Amino acid sequence: MTRSSKVLSTLVENKPGTLFRVIHLVRLMRLNIEGLTLGVTNGGADCRMTMTLSGDDAAVEHVARQLMKVIDILEAHTYGPEEVTARELALVKINTDKISVAEIQRNTGCRIVDSSKHSVVAEIVGSAKEIDEFVQRLGESNVLDIARTGVAALPKETTSR
Amino acid sequence: MTEKMSGARATVEALEREKVDYIFGMPGGANLPLYDALWDSKIKHILVRHEQLAAHMADAYGRVSRKAGVCSATSGPGATNLITGIATAYADSSPMVAITGQVAKAMTGRNAFQETDVIGIATPVTKYTLQPLSAAEVPFAVKEAFYLATTGRPGPVLLDLPKDVQQEEAEMTFPESVTVRAYRPNVPVDPQDIERAAAMIVKAERPILWGGGGVRIADAAQPFGALAELLMAPVITTLQGKGDFPENHPLSLGPIGMHGRAEANKLVSECDLLVAVGVRFSDRSTGNFGEFAPGAKIIHIDADPTEFNKNKAVDLSILGDANVVMGMLFDAVAKRITKSKDLNNNPWLKRVNDVREELKGIPAYKDSYADLSGPRIVKRLRDVLPPEAILTTGVGRHQMWCEIHYQVLRPRTWITSTGLGTMGFGLPAAVGAKFAAPDVPVVDFDGDGSFVMTEQALATAVEEKLPIISVILNDRSLGMVEQWQRLMYNRHYIGIKFPNTPDFVKLAEAYGAHAKTVGSLDEFAKAMREGLRMDGPTVIEVPVSPLDDVFPFLPPGKGIKDTVYGSSKEMAIF
């Protein structure tokens, strides 16, 4: 059994209950969802769901194949992390008592989207790894809270389906 | 042309347009508007005593008639009672439309009386679920339900109707057809696949054709059998596929599997090409996946692409309707075969006959059983029934004895729950089958354990004057489980004995059915012939020993070549 994180990318009809149908299979195969992004596309007709799943690789493949049985699913593909261009957005609330905002911006290129007396909220977009590193660099004690979106991903041109 | 009517009336109108003859079901608070709309409809309502039975009836009706069977229940417990029957239909790809009442939209999520999230419960065991939120959507939802239930790989579709949607009035449009964008049931067959398959088939020296439920569903028995005869290839089936090919045909080896025919289980390990049609490589058919047909190239033909390489990697998969694919394949193979094979000098058929001879003497085939034993009763049953008779079963030893010893001669005459293995399926299935084929004898071959799970179907059979027969092999035990406890759990018999099993004659008579206990095979045959002439249901109880084990037996998890043919002594190794 090989275990790793895989990206499950599905294109589904944009109607109520579709995520529920997808999640059923993910749960059945005992996979953990580490990230989930979704948004409407194709003029509102469809919805792109991108899941980062951890667990048995064969189980992820099984889900992708069996999803095609679900009536509302248009496409389902799995990708390894190296096969996709993946981006995630994170909002990080930072305690500014011990760290200067200017320094943070200089070091990371993040955007400050809100600032208060003792804290700021920084927005950073990048790969999951870049966000991890950003948080690490701030130092655990300076980070008050984090909200991550989970990755959105599209296959690279060189990735075969 | 539109017409103003209620959602309930539109449901019934739409069902009539789908040419629905029967609804099997039970009314309750949340589907009363629907029942009221049935008042002046041509559709006949068949009343059950428990909603699970309605689902099994609709399921069997669908398997026999090719149309979607329709069942209905109210919200809450009515809907949840349907679930086992819906799951049974899903596991065996049976076309069904299940209509549930639901609490009014405004009451949703308030834990209203008899509120259950039936869509949440049913999603994993249905092909699709639909819940129209306005009356005007109802005709489209009904059309879509029937379209999805009956096309591609069939299956049950749940239609959940909130009570206010049933009551609301709207101008109705009834569509002639619907499209579901992400659903493509009729992908054209790739001619290149056919050419590749034909080349593999012609090259093979030891081919076997393997038929499953998909052959029946696609009505592909004719081209399937024609290809077997063209190739002089032996035919095996799944348990669900019994009847794909006449089991009294010289090329028929019978079903493979946990309780398959010994010759089928043995020879499938020796073939060099397996043409699998409408099967899903169920563990109960194949045993250990890795050890199944190890020396064979496998061609898999199915209408559902998600079945390809799911359990077993195959060499070529062909997506399409089995009837179309087999017809094309027959033509392509016929073109390539320049002269007919020399039958007298065909080493594969010689090997097949040698294996048959060799296995004739195994205990399971030797008729060493008592007079009143499962195998003998099953064989006599075949003698008594005409080829077109429909046999339904429960789940257990009686079903497995049918698998091994009952020769199914025509498609759609063998109605049994294989995927889910639902005890209690037999009697309500017989009721549903009888409505689908009123001119054909219908027999439920059952065990006492299965029968008591759904015996209330007798009430419906009596009311509807259905001349069906239930044969109950009564061992006062859960015989199949007893066999496993005997052979694999050190004879720790627990939870299997029915010391206070009912007097089945009195029980049947209390419902108004005819009933008899028989003490010999001849009495059994006589009771069967009488039962076939009755104007209502008959129950025939046959007392049998709980000690007769079902063999051959492929122990769970083992490779199919390790099938045990005979006595319990051989089982000691497991």
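Residues numbered from 1 in each chain as written. Chains lettered and ligands numbered in written order. Predicted model: local features only at pLDDT ≥ 70, side-chain atom pairs only at ≥ 80, totals over all residues. Heavy atoms only, no water.

**Student:** Where do I start with the packing of aromatic side chains in this structure?
**Tutor:** When we look at a pair of aromatic rings, we describe it by the centre distance and by the angle of the planes. Residues and elements named next belong to chain B. Counted according to the given criterion, the structure contains 11 aromatic pairs over all chains. Pairing tryptophan 484 with phenylalanine 553 gives two aromatic rings, centres 6.1 Å apart and planes at 40°, and the pair type is tilted. You can see tryptophan 484 sitting in helix α20 (residues 479-488) and its partner phenylalanine 553 sitting in the loop between β20 (538-543) and α23 (568-571), a full 69 residues away along the chain. With a relative accessible area of 21%, tryptophan 484 lands in the partly exposed category. (Phe/Tyr/Trp six-rings, centres within 6.5 Å; stacked < 30°, edge-to-face > 60°. Helix = DSSP H or I, 4+ residues; strand = E, 2+ residues; numbered from the N terminus. Buried < 20%, exposed > 50% of the residue type's maximum accessible area, 1.4 Å probe, protein only.)

**Student:** Got a minute to help me understand the pattern of salt bridges in this structure?
**Tutor:** Pairing of side chains with opposite charge becomes possible as their charged atoms draw close. A complete count under the given rule lists 46 salt bridges over all chains for this structure. Between glutamate 263 of chain B and arginine 261 of chain B there is a salt bridge; the shortest N-O distance is 3.1 Å. The burial state of glutamate 263 of chain B is the same as that of arginine 261 of chain B; both residues are buried. Put simply, glutamate 482 of chain B and lysine 497 of chain B hold a salt bridge, and the shortest N to O gap is 3.0 Å. Placement of the pair is glutamate 482 of chain B in helix α20 and lysine 497 of chain B in the loop between α20 and α21 (504-511), with a sequence separation of 15 residues. Residue glutamate 482 of chain B is classed as buried on the basis of its relative accessible area, which comes to 2%. Because the salt bridges share partners, they merge into one network encompassing Lys69 of chain A together with Arg153, Asp304, Glu307 and Lys310 of chain B. (Salt bridge = Lys/Arg side-chain N within 4 Å of Asp/Glu carboxyl O.)

**Student:** I would appreciate a short explanation of the environment of isoleucine 71 of chain A in the present structure.
**Tutor:** Tracing the backbone through its elements, the reader meets isoleucine 71 of chain A in the loop between α2 (57-67) and β4 (73-79). Sequence separation between isoleucine 71 of chain A and valine 40 of chain A is 31 residues, and the spatial gap between their C-alpha atoms is 18 Å. Leaving out residues up to four positions away in the same chain, isoleucine 71 of chain A has contacts with Lys127, Tyr128, Leu148, Val180, Ala182 and Tyr183 of chain B. (Contact = heavy atoms within 4.5 Å.)

**Student:** Explanation requested: the domain arrangement of chain A in the structure shown.
**Tutor:** One frequent convention defines the size of an interface as the accessible area lost when the parts assemble. Residues and elements named next belong to chain A. Per the domain assignment, the segments making up chain A are domain 1 (3-79) and domain 2 (85-153). Put simply, the middle of domain 1 and the middle of domain 2, counted by C-alpha atoms, are 28 Å apart. At the junction of the two partners, domain 1 supplies six residues and domain 2 supplies five residues. Taken together, both faces of the contact between domain 1 and domain 2 bury some 400 Å²; the carbon and sulfur share is 56%. Run the count over domain 1 and domain 2 and you get zero salt bridges. Counting across the interface, domain 1 meets domain 2 through one residue pair in polar contact (both at pLDDT 80 or more). Secondary structure elements with two or more residues in the side of domain 1 that touches domain 2: β2 (32-41) and β3 (46-56). No other element matches β2, which puts three residues into the side of domain 1 that touches domain 2. (Domains from an automatic or database assignment. Buried area = accessible area lost by both parts, 1.4 Å probe. Polar contact = N/O pair within 3.5 Å; in protein donor to acceptor, adjacent residues only side chain to side chain.)

**Student:** When you look at the interface of chain A and chain B in this model, what are you seeing that I'm missing?
**Tutor:** Counting from both sides, the interface comprises 16 residues of chain A and, opposite them, 21 residues of chain B. Both sides of the chain A and chain B interface together cover about 1500 Å² of buried area, and 52% of this is carbon and sulfur. Contact with chain B buries area across many residues of chain A, yet Arg21, Lys69 and Ile71 of chain A alone supply 43% of it, more than any other trio. Across the salt bridge formed by arginine 181 of chain B and aspartate 46 of chain A, the nearest N and O atoms sit 2.5 Å from each other. Applying the counting rule to chain A against chain B returns nine residue pairs in polar contact (both at pLDDT 80 or more). Elements that contribute at least two residues to the side of chain A that touches chain B include exactly α1 (18-28), α2 and β4 of chain A. Of the residues assigned to the side of chain A that touches chain B, the class counts are six nonpolar, three polar and seven charged. (Nonpolar A, V, L, I, M, F, W, Y, C, P; charged D, E, K, R; others polar.)

**Student:** Quick question: what am I supposed to make of the nonpolar core here?
**Tutor:** As a rule of thumb, soluble globular proteins bury nonpolar side chains together. Residue and element names in this part refer to chain B. By size, the foremost hydrophobic cluster in this structure holds 66 residues, and its most contacted members are Leu274, Met528 and Val542. A total of five residues in this core trace back to one element, the largest contributor, which is helix α22 (residues 521-533). Composition of this core by domain shows at least three residues from each of domain 2 (191-359) and domain 3 (363-550). Residues within four places of methionine 528 in sequence aside, it is in contact with Leu381, Val384, Leu385, Val443, Ile469, Val471 and Ile540. Core analysis: the second largest hydrophobic core is formed by 52 residues, Ile46, Ala55, Phe435 and Ala461 among them. (Core = buried A, V, L, I, M, F, W, Y, C linked by side-chain atoms within 4.5 Å.)

**Student:** Honestly, the sheet that holds strand β18 (residues 469-474) of chain B in this entry has me stumped. Any pointers?
**Tutor:** Paired through backbone hydrogen bonds, the strands of a sheet run either parallel or antiparallel to each other. All names here are of chain B. Spatially, the six strands line up as an open sheet ordered β16-β15-β17-β18-β20-β19, and their pairing is parallel. Both edges of this open sheet fall to β16 (414-415) and β19 (514-517), since each of them pairs with a single strand only. Where strand β15 (residues 390-393) meets strand β17 (residues 442-447), four bridges bridge the pair, whose relative direction is parallel. Looking at β17, one finds that threonine 392 is bridged to aspartate 444. α21 contacts β18, β19 and β20 of the sheet and is inclined by roughly 175° relative to β19. (Pairing = 2+ DSSP bridges. Axes fitted to C-alpha atoms, helices over the stretch in contact; angles between N-to-C directions.)

**Student:** What exactly am I supposed to notice about the domain arrangement of chain B here?
**Tutor:** Residue and element names in this part refer to chain B. Domain annotation of chain B identifies domain 1 (3-172), domain 2 (191-359) and domain 3 (363-550). Taken together, the contacts link 25 residues of domain 1 with 27 residues of domain 3. Carbon and sulfur atoms make up 67% of the surface buried where domain 1 meets domain 3, a total of about 2000 Å² over both sides. Applying the counting criterion to the domain 1 and domain 3 interface returns two salt bridges. For arginine 49, the salt bridge goes to glutamate 463, with nearest N and O atoms at 2.2 Å. Run the count over domain 1 and domain 3 and you get eight residue pairs in polar contact (both at pLDDT 80 or more). When contributions to the side of domain 1 that touches domain 3 are tallied by element, the ones reaching two or more residues are β2 (22-25), β3 (44-47), α3 (51-65) and α4 (77-91).

**Student:** Could you clarify how one ought to interpret the environment of aspartate 475 of chain B in this entry?
**Tutor:** All names here are of chain B. In this fold, aspartate 475 is placed in the loop between β18 and α20. Aspartate 475 sits in the buried class, given a relative accessible area of 8%. Sequence separation of aspartate 475 and alanine 182 is 293 residues, and the distance between their C-alpha atoms is 50 Å. With near-sequence residues (within four places) excluded, aspartate 475 lies in contact with Arg397, Asp448, Val544, Ser545 and Pro546. Within the structure, aspartate 475 has its side chain in polar contact with the side chain of arginine 397 (distance 2.5 Å). For aspartate 475, the side chain forms a polar contact with the main-chain nitrogen of serine 477, separated by 3.0 Å.

**Student:** Would you take a moment to explain the sheet that holds strand β10 (residues 235-237) of chain B for this structure?
**Tutor:** Residues and elements named next belong to chain B. If you trace the six strands from one edge of the open sheet to the other, you get β11-β10-β9-β12-β13-β14, paired in parallel fashion. Each end of this open sheet is capped by a strand with a single partner; those strands are β11 (252-255) and β14 (316-319). Between one strand axis and the next, the sheet turns through 15° on average, direction left out of account. With three bridges joining them, β10 and β11 adopt parallel strand pairing. Note on β11: the bridge partner recorded for threonine 237 is proline 255.

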